Amino acid sequence: MTKSQPPTLSVSNLSIGYTSAVIAENIDFSLSEGELAAIVGINGIGKSTLLRTLGHVQPALGGKILIAGKPLKEYSHVQLASRVSLVLTEPVASKNMTVLELIALGRQPYTNWLGRLSAADRTKVGEAIGMLELEALQHRKCFELSDGQLQRVLIARALAQDTAIILLDEPTTHLDLYHKVQILKLLKSIADQTGKSILFTSHEIEMAIQLCDKMLLVNGTDNPFGQPCKLIEQRAFHDLFPADTVSFDASTGAFRIKK
Ligand SMILES: Nc1ncnc2c1ncn2[C@@H]1O[C@H](COP(=O)(O)OP(=O)(O)OP(=O)(O)O)[C@@H](O)[C@H]1O
């Protein structure tokens, strides 16, 4: 009998925060291969803190994070870099690089100490460029790109890193409606086509309801997680915002402004 695969990412009884304060606790969820999931919640509730904790940029305050069944803490930096890629909102350190150079940096966990790309590395970079349709932009400097184009480049770098898990912090900030939808649909198709598990923070709750396989609603209490339709059934979105300002319409999966 073959043993069933552990989830790509599994989180139980997790507490996150800083030495000065616990920001959120009782976080439980897991992601399987090929799933796209959003972390949503109001401003300042802890979405980015959670993402950084999952990416091992800051330590968990308690609980367990398992990557492919093994505790996050037991991975070395290099091992982790071949399992988890992290796309943060911070400005790109070197916008003076070309698109191609920045995407090639995704191969760092695999290159030798000189950072030379092998033929296999070049193939991965080429595939990432193709998937994000960046062929025409690859020789441009990153500072010459629009926010939407740069976001696609950063996703391509994560794709070139070829990890089972991709974590993204607010990948649709500063984008117009069309480009937000474009990025989220792209993430959905990457998850479907490559089997990668993709987790991103977002304020686009209505879009996440339509496009994601799972959602984690960080709410400061029980942090419900599951399929969007199940969360709607559980009335998880109803108390997200003050009811006298914004209400949730379960029949359309949309928020309504109270006039
Ligand atoms: N380095 C830090 N030290 C202490 N507290 C911090 C630190 N960084 C963030 N915080 C606090 O942690 C809380 C959660 O912040 P976080 O950025 O994770 O929220 P968020 O849900 O991503 O917010 P937003 O939707 O506004 O981006 C906030 O109260 C914030 O002030």
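To keep things clear, this report deals only with the structure shown in the data block. Quick caveat, the model's predicted, so the values are computed rather than measured.

1. Focus on the sheet that holds strand β9 (residues 214-217)
Judged by pairing direction, the sheet is mixed, and its 6 strands sit side by side in the order β6-β7-β8-β3-β9-β10 without closing on themselves. Of all strands in the sheet, those with a lone pairing partner are β6 (84-87) and β10 (225-226), marking the two edges. With 4 bridges joining them, strand β7 (residues 165-168) and strand β8 (residues 197-201) adopt parallel strand pairing. Bridge pairing in β8 places I165 opposite S197. Against the sheet, helix α5 (residues 147-161) engages β6 and β7, with an angle of about 170° to β6. Relative to β8, helix α6 (residues 177-194) is tilted by about 155°, and along the sheet it contacts β3 (36-40) and β8.

2. Quick word on the site of the ligand
Every residue close to the ligand is listed here: Y18, S20, I23, G41, N43, G44, I45, G46, K47, S48, T49 and T201. The element best represented in the shell around the ligand is helix α1 (residues 47-54), accounting for 3 residues. Of the residues that constitute the shell around the ligand, the class distribution is 3 nonpolar, 8 polar and 1 charged.

What counts, and at which threshold
- Residues numbered from 1 in each chain as written.
- Predicted model: local features only at pLDDT ≥ 70, side-chain atom pairs only at ≥ 80, totals over all residues.
- Pairing = 2+ DSSP bridges.
- Helix = DSSP H or I, 4+ residues; strand = E, 2+ residues; numbered from the N terminus.
- Contact = placed C-beta atoms within 7 Å.
- Axes fitted to C-alpha atoms, helices over the stretch in contact; angles between N-to-C directions.
- Near = placed C-beta within 6 Å.
- Nonpolar A, V, L, I, M, F, W, Y, C, P; charged D, E, K, R; others polar.

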